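Take a look at the letters that make up each chain.
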Amino acid sequence: MNIIEGLKKEQIVAPEGYNRWLVPPASVAIHLCIGSVYAWSIFNPALTKELGVVASSSADWSLTSVVWIFSVAIVFLGLSAAFGGKWLEKVGPRMVGFVAACCWGGGFVIGSVGIAYHQLWLLYLGYGVLGGCGLGLGYVSPVSTLIRWFPDRRGMATGMAIMGFGGGAMIGAPFKEWLLKIYFEAPQYLGKASEVALTTEGGKRFAQVAGSLKEVVVASAADAAKMPIPGAEGVYVVGTGSTGAAAVFFTLGVIYFIVMVAAAFSFRVPRPGWIPAGWTPPAASSASSKMITRNHVHIDQALKTPQFYFLWLVLCTNVTAGIGVLGVAKTMMSEIFGSTLPMIVNGGFAATYVLMISVFRMVGRFFWASTSDFLGRKNTYFVFFVLGIILYVSIPFTAQQVSAHPAVMWLVMFYAVTMIIFTMYGGGFATIPAYLADIFGTKFVGGIHGRLLTAWSTAGVLGPLAITELRDRSLQSELKALAAKVDPAAFQSKFGATVDHLNELVAAKTVTIAKLMEIAPAGTIDPTPSLYNTTMYTMAGLLVIGLIANMLVRPVHEKHHMPHEEFDDGMVQ
């Protein structure tokens, strides 16, 4: 009971002379922990090979099903942030931070059980639902607290916390890669495919192991090279060894819980009427442009304006395009360039790529938010959409060129294009609160922002859904086209079944593009780099919708403004 009492808002009021600079480290610590959600793609290879370990077995989860876990987490982030703001005002940041720690850390622990027992629903429940709630609660509590402690430097204060969220993957990605390597255990190796008697039943590959028939996977040299501890190509027994994902989830859950609880107990709130020494609340300032209002719109009234829904579309389309790529960033890099430039694009390169995504998102948050002070928010989003359309359309061109003429130049181009995209993805989050304040005033901007974050939840579904569904359609089409080029006798010799059983073999993950390429006619171009072409064109189309919505944003009609006697301009500027 004493612990619960100590979490309440009235128990954490700072004493006279309290140093407000003790609060930002705690806020950044929480955001660094929950920001590691952006490194989710690090887990994709391990989770899609949890049973086969070196290659996907018939019972392993598909990339589509795994990516959706990230989507669910983002959905619950937005929902819990939208509803958690009001609760935060009642109970205070320490209580909310503690609950966020329980949800985020506990979500990892439940997820580890789901991985260990191969129960996908537990992974969705733990990491997706419970962890997503931890994300949302952890997101709102530090920002709200810092705004109260730094009324004189709100942009800087909230920027620190948001930087931590954007930079969570910068620490999380290499740390997760290191843990996966530590906990990795190679499965039982039977020998090269030519040395092992293999049979095919129902699309699955089997071999005799200790007198009984066991399912196996046949790992290519590329598969073996991608293992955390590189092994030999050949036949491995399914269900032996470990990717280490379950142990990594449990370890991270414990670490995140400890760090976030310690940070939450560091939170203090200023006493009523407190202001920084030597600071005088500013008087109402004149608008510097026609897009910046001097008035305020009530949170409930904001939902009755077309501006709210235009801005909702602006955020949703910008985030959908970015988050769709973000969820499969590592996988996309490996698939587009892994087969054409294997000596460069290995596991270490892909992990560094994920790390750099985090770095550029951080840079984008500061760069674009600062730039918007000069360009204006509307013009900044105009740049996001126009430049974004050009960049997304350039990715299929790059994939086509690297497939026909493999060269490092195309890798450099892809790297630069995606990094610019991620700066605008991060910049969109940093700029939207200021855009809302310009349009609706500052008095209720926090609550309006919380409700607008439902656009983030929606984007968390639309982005990964679009990129995985469109990729799967392209994959099925390319597999059929490639199989038609392969000599039927070579196909049967390779997979133990005829081409007529292609769908069955693909469903069991026995047939892949990489394995078909091993027996394809000389001169056949690997179609893997083009799997994301349709997706990129679709993302560019979404940005066109966002561009139109942004162009329709106008100042709010005066009928929606609050009467001046109902608000105080002092502390809300």
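One can find the structure itself at the top, above this paragraph.
Parameters and conventions
- Residues numbered from 1 in each chain as written.
- Predicted model: local features only at pLDDT ≥ 70, side-chain atom pairs only at ≥ 80, totals over all residues.
- Heavy atoms only, no water.
- Core = buried A, V, L, I, M, F, W, Y, C linked by side-chain atoms within 4.5 Å.
- Buried < 20%, exposed > 50% of the residue type's maximum accessible area, 1.4 Å probe, protein only.
- Helix = DSSP H or I, 4+ residues; strand = E, 2+ residues; numbered from the N terminus.
- Contact = heavy atoms within 4.5 Å.
- Disulfide = S-S within 2.5 Å.
- Pairing = 2+ DSSP bridges.
- Salt bridge = Lys/Arg side-chain N within 4 Å of Asp/Glu carboxyl O.
- Axes fitted to C-alpha atoms, helices over the stretch in contact; angles between N-to-C directions.

Undergrad: What exactly am I supposed to notice about the nonpolar core here?
TA: Soluble globular proteins tend to pack their nonpolar side chains together in the buried interior. Counting 142 residues, the largest nonpolar core has Trp104, Phe337, Phe440 and Trp456 as the members making the most contacts within it. No other element matches helix α15 (residues 408-440), which puts 16 residues into this core. Residues contacting tryptophan 456, with those up to four places away along its chain left out, are Tyr38, Ile74, Leu77, Tyr139, Phe165, Val319, Ile323, Tyr425 and Phe429. Core analysis: the second largest hydrophobic core is formed by ten residues, Val217, Met227, Tyr236 and Val238 among them.

Undergrad: Looking at this structure, how should I read the state of the cysteines?
TA: Two cysteines, two sulfur atoms, one covalent bond between them: this is a disulfide. Under the counting rule described, the total for this entry stands at zero disulfides. Cysteine 133 provides the cysteine sulfur closest to cysteine 316, a residue in no disulfide bond, and the two sulfurs are 20 Å apart.

Undergrad: Sorry if this is basic, but what is going on with the pairing of strand β5 (residues 234-237) here?
TA: In summary, the side chains of a regular strand alternate between the two faces of the sheet. Judged from the two bridges that link them, strand β1 (residues 189-191) and β5 form a sheet pairing that is antiparallel. Bridging from a neighbouring strand, tyrosine 189 pairs with tyrosine 236 of β5. As paired strands, strand β4 (residues 212-219) and β5 are joined by four bridges and run antiparallel to one another. In the sheet register, valine 216 faces β5, and the bridge partner there is valine 237.

Undergrad: Would you explain the pattern of salt bridges in this entry?
TA: Pairs can form between side chains of opposite charge whenever their charged atoms are close. Taken as a whole and assessed by the stated rule, the structure comprises five salt bridges. For the salt bridge of aspartate 438 with arginine 377, the shortest nitrogen-to-oxygen distance reads 2.8 Å. Of the two residues, aspartate 438 sits in helix α15 while arginine 377 sits in helix α14 (residues 377-404), which places them 61 residues apart along the sequence. Aspartate 438 sits in the buried class, given a relative accessible area of 9%. Classification of arginine 377 as buried rests on a relative accessible area of 13%. Between arginine 471 and aspartate 472 there is a salt bridge, with its nearest N and O atoms 3.3 Å apart. Judged by relative accessible area, which is 24%, aspartate 472 ranks as partly exposed.

Undergrad: Which parts of the structure should I look at to understand the sheet that holds β1?
TA: Strand pairing in a sheet is mediated by backbone hydrogen bonds. Such pairs are either parallel or antiparallel. Taken together, the five strands give an open sheet; going across it, the order is β1-β5-β4-β3-β2, and neighbouring strands pair in antiparallel fashion. Two strands bound the open sheet, and with one partner strand each, they are β1 and β2 (198-201). Going from strand to strand, the sheet's axes swing by 45° on average, the running direction of each strand aside.

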